[in-house]
Amino acid sequence: LKSLLKRGELLVAPGVFDGISLRVAEKVGFKALYMTGFGTVGSHLGLPDAGIASYAEMVDRVRVLSALSSVPLVCDADTGFG
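Conventions used here
- Residues numbered from 1 in each chain as written.
- Predicted model: local features only at pLDDT ≥ 70, side-chain atom pairs only at ≥ 80, totals over all residues.
- Heavy atoms only, no water.
- Helix = DSSP H or I, 4+ residues; strand = E, 2+ residues; numbered from the N terminus.
- Buried < 20%, exposed > 50% of the residue type's maximum accessible area, 1.4 Å probe, protein only.
- Contact = heavy atoms within 4.5 Å.
- Pairing = 2+ DSSP bridges.
- Core = buried A, V, L, I, M, F, W, Y, C linked by side-chain atoms within 4.5 Å.
- Salt bridge = Lys/Arg side-chain N within 4 Å of Asp/Glu carboxyl O.
- Polar contact = N/O pair within 3.5 Å; in protein donor to acceptor, adjacent residues only side chain to side chain.

Engineer: Which parts of the structure should I look at to understand the overall build of the protein chain?
Structural biologist: A tally of regular secondary structure across the protein chain gives four helices and three strands. What you see in the protein chain, going N to C, is helices and strands ordered as α-β-α-β-α-α-β. Referenced to the eigenvectors of the C-alpha coordinate spread, the extents of the protein chain come out at roughly 35 × 25 × 20 Å. Scored against the burial criterion, the 82 residues of the protein chain give a buried share of 28%. Look at the contacts in the protein chain between residues 6 or more apart in sequence, and 51% of them connect residues 24 or more apart.

This is the structure in structure tokens:
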């Protein structure tokens, strides 16, 4: 990610929330991805993004998605887990 940012070019990182959205974004050719907290909580737990997901649940989602990704993945860890 650091080397991509150092280029000084616009870096578009679409929001992904599960394995399918990640695979589609990679297949299209994006060089970085963003794990959206809202989409991740909604698709995994079926809940709104209102601080309901636990730290452990968010870390689990990061583990799953980062294991699938071949490009840098920036993650929104949800409410206050910064």
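Engineer: In this structure, what is going on with the sheet that holds strand β3 (residues 73-75)? I would like to understand it.
Structural biologist: Picture the strands of a sheet paired through backbone hydrogen bonds; they go either parallel or antiparallel. Overall, parallel pairing links the three strands, which are arranged β1-β2-β3 in an open sheet. Each end of this open sheet is capped by a strand with a single partner; those strands are β1 (15-16) and β3. Bridge analysis of strand β2 (residues 33-35) against β3 gives three bridges, and the strand direction is parallel. Of the residues in β3, the one forming a bridge with Met-35 is Cys-75.

Engineer: Is there a simple way to think about the nonpolar core in this case?
Structural biologist: Side chains of a nonpolar character, in soluble globular proteins, are inclined to be buried together. Formed by Val-16, Leu-22, Ala-25, Leu-33, Met-35, Val-41, Ala-53, Met-58, Leu-65, Val-71 and Leu-73, the largest nonpolar core amounts to 11 residues. When contributions to this core are tallied by element, the ones reaching two or more residues are α2 (19-28), β2 and α4 (55-68).

Engineer: Could you clarify how one ought to interpret the pattern of salt bridges in this entry?
Structural biologist: Where charged atoms from two side chains of opposite charge come close, those side chains can pair. Counted according to the given criterion, the structure contains two salt bridges. Put simply, Glu-26 and Arg-23 hold a salt bridge, and the shortest N to O gap is 3.6 Å. Taken together, the residues span about one helical turn, with Glu-26 and Arg-23 both in helix α2 at a distance of three residues. Residue classification places Glu-26 among the buried residues on the basis of a relative accessible area of 17%. Where Asp-60 meets Arg-61, a salt bridge forms, and the shortest distance between an N and an O atom there is 3.2 Å. For Asp-60, a relative accessible area of 32% corresponds to the partly exposed category.

Engineer: Whenever I open this one, the side chain of Arg-61 confuses me. Can you help?
Structural biologist: Locating Arg-61 in the fold gives a position in helix α4. We classify Arg-61 as buried; its relative accessible area is 17%.

Engineer: Explanation requested: helix α3 (residues 37-45) in the structure shown.
Structural biologist: The α-helix advances 3.6 residues per turn, and as a result positions three or four apart in sequence lie on the same side. Every buried residue of α3 is accounted for by Gly-37, Gly-39, Thr-40 and Val-41. Of the residues that open α3, the one with a side-chain oxygen 3.4 Å from the backbone nitrogen of Phe-38 is Thr-36.

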